[in-house]
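# Understanding the architecture of this molecule
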Protein chains: 2
Amino acid sequence: MGWKPTYAIIAERIRRQITEGQLTPGSQLPSERELCDEHAVSATTIRRALAELKNLGLLESHQGRGVFVREGRRPLIRYAPHRFWPQDHPQASYYREAETAGRSVDVMAESVRTTASERVAEWLGIEVGDAVVQVTYRITMDGQPVSSSVCWEVARITDGTAIADPTSGPHAGAGLVARYAAIGRPITGIAEVISARMPSTAEAQTLDIPSGTPLFVIEQTAHTASGPVQVSEIAIPADRYRLSYDMPMPSPTEE
Amino acid sequence: MGWKPTYAIIAERIRRQITEGQLTPGSQLPSERELCDEHAVSATTIRRALAELKNLGLLESHQGRGVFVREGRRPLIRYAPHRFWPQDHPQASYYREAETAGRSVDVMAESVRTTASERVAEWLGIEVGDAVVQVTYRITMDGQPVSSSVCWEVARITDGTAIADPTSGPHAGAGLVARYAAIGRPITGIAEVISARMPSTAEAQTLDIPSGTPLFVIEQTAHTASGPVQVSEIAIPADRYRLSYDMPMPSPTEE
DNA sequence: GAGTGGTCTAGACCACAAG
DNA sequence: TTGTGGTCTAGACCACTCC
């Protein structure tokens, strides 16, 4: 029962060196060859031990340079539902989040006009093949990508209005509540469904996700009185954000 | 640029066999030795390819038996804030969730009286060392653990009331809103902060988490008019639940 | 060029499951 | 007993980084 494989023992040793401060964030570990001698095991066993710790997000390796103790930036907090409210400014909420965190934000957005897939059609309550405006976003803060998302809007509703193209015009960069308020279709509610999974290798690459870090996937639906008008699939590496939801209870006096 | 390591190519091949239905959920793969011959590579390379897919949650292996395609149960949905409302029944919400999913639920709860740690004290707005009631829950559905949580309540508030011990008395098994309503301290709001990370080996064991599945960690705070009365740290394997949040917007005219 | 991590090989031994 | 996955070894070659 008490037995542990060698690689796990070594991983535990190194882990303790990190938590006890002998290995500080950003510092470099001895090379794999040196670790082999130090622990008197073969290279594969050392590699297996290091792989465990990389998978836990404690180490990161760079080919040709070495293995280093990861230094984690504090995750931002994504406040809901506050983030959706256009308080003083109608700007999209990540601008405020970056500002309060003292980070510089960069947004890449591309919009294309396309037709609804089966999934999007059902989600938006329209027919397959109906025209939709699809926008892909990629948001980086201080050069680090923090989210990538795809967003679909019903073209029939926004066509000919000031918000027809989310990436240009007077309301570019505005939050969705402000945008739909501008065309007289106020958002009545937003629903989010959160899942978490490991990123694919492609996602890990484009979002610069260290191994061992999961991905939040948020399916967001914005409703108006006449039905959903915008849906988004938002991917956020879980080491960049925490998701906060504030849920006030209606007072029991009127029950 | 286009080069991929052998193990990645093999992993991709096997992955395609799964997505295209040649390997059905629950079915067994050829043994590692057979796969070596089939793909003309060494055992380590095959193992590396299988490790990738196990890490993605597509495969699971059992020593002495073989490697199998995992069959995933559909994740439940945890509806917030609805789940907190004591609609017809004051029962805790997982009972309803299990019922609608047609699963049998089993709850293990243990309460102890202890003192507040620094973290819990700050969280609850009390002093370090103040008396708290700590409850640990472990909820299983159809024999599969779906969450484990630790919950702290301010003893000064509940002492001497009908809800002093959350695990016994007339309100055992009731939701927190119902419980605090019963002592005349209605919950005015609930806040949740969600993070996701990979489980530790201990967590993976007790929650029966397959490798490659992250863990939701929810920090939940229940507020009354006079401040927080209960905080919980809830751990949920991300393949068991999706987290839904419904956020209606107050209409600009009234309410 | 020297040192680093990344990949791969061929083979050994072990623990576990099933007939 | 046979076949399975799990661990480990010793050594090779490659790609990358830095001097």
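Residues numbered from 1 in each chain as written. Chains lettered and ligands numbered in written order. Predicted model: local features only at pLDDT ≥ 70, side-chain atom pairs only at ≥ 80, totals over all residues. Heavy atoms only, no water.

## Quick notes on the packing of aromatic side chains
All names here are of chain A.
- Taken as a whole, this structure holds 5 aromatic pairs over all chains when the rule is applied.
- Arranged with centres 6.3 Å apart and planes meeting at 50°, the rings of tryptophan 123 and tryptophan 152 form a pair that is tilted. Linking tryptophan 123 in helix H5 (residues 118-124) with tryptophan 152 in strand E6 (residues 144-154), this pair joins segments that are 29 residues apart in sequence.
- Classification of tryptophan 123 by relative accessible area gives buried; the value is 17%. (Phe/Tyr/Trp six-rings, centres within 6.5 Å; stacked < 30°, edge-to-face > 60°. Helix = DSSP H or I, 4+ residues; strand = E, 2+ residues; numbered from the N terminus. Buried < 20%, exposed > 50% of the residue type's maximum accessible area, 1.4 Å probe, protein only.)

## A few points about the domain arrangement of chain A
- Each assigned domain of chain A is listed here: domain 1 (6-69) and domain 2 (76-245).
- The straight-line distance from the C-alpha centre of domain 1 of chain A to that of domain 2 of chain A is 39 Å. (Domains from an automatic or database assignment.)

## Topic: the relation of the copies chain A and chain B
- Note on the identical chains: chain A maps onto chain B by a rotation of 180° and an axial translation of 0.2 Å, with an RMSD of 0.2 Å. What we have between these two chains is a two-fold relation. Considering only C-alpha atoms, the part of chain A nearest the rotation axis is A:Pro214, at 3.1 Å. (Least-squares fit on C-alpha atoms with pLDDT ≥ 70 in both.)

## Side note on the pairing of strand E9 (residues 227-237) of chain B
All names here are of chain B.
- Burial within E9 is extensive, with 9 of its 11 residues counted as buried.
- When strand E6 (residues 144-154) meets E9, the two strands line up antiparallel, connected through 6 bridges. In the strand pairing of E9, cysteine 151 is matched with serine 232.
- In sequence, strand E8 (residues 215-224) turns back onto E9 through a hairpin of 2 residues. (Pairing = 2+ DSSP bridges.)

## Side note on the nonpolar core
- Counting residues in hydrophobic clusters, the biggest one holds 80 residues, and the most contacted among them are A:Ile194 and B:Ile194.
- Residues in contact with A:Ile194, not counting those within four places in the same chain, are A:Phe216, A:Val217, A:Ile218, A:Leu243, A:Tyr245, B:Ile194, B:Phe216, B:Arg242, B:Leu243 and B:Tyr245. (Core = buried A, V, L, I, M, F, W, Y, C linked by side-chain atoms within 4.5 Å. Contact = heavy atoms within 4.5 Å.)

## Overview of the interface of chain A and chain B
- Counting residues at the interface gives 35 residues for chain A, matched by 35 residues for chain B.
- Summing both partners gives a buried area of about 3,100 Å² for chain A against chain B, and 66% of it is carried by carbon and sulfur.
- Of all residues in chain A, A:Arg242, A:Met247 and A:Met249 bury the most surface against chain B, accounting for 23% of the area lost on that side.
- Taking the shortest distance from any N to any O, the salt bridge between B:Arg242 and A:Glu219 comes out at 3.1 Å.
- Here chain A and chain B share 10 residue pairs in polar contact (both at pLDDT 80 or more) between them. (Buried area = accessible area lost by both parts, 1.4 Å probe. Salt bridge = Lys/Arg side-chain N within 4 Å of Asp/Glu carboxyl O. Polar contact = N/O pair within 3.5 Å; in protein donor to acceptor, adjacent residues only side chain to side chain.)

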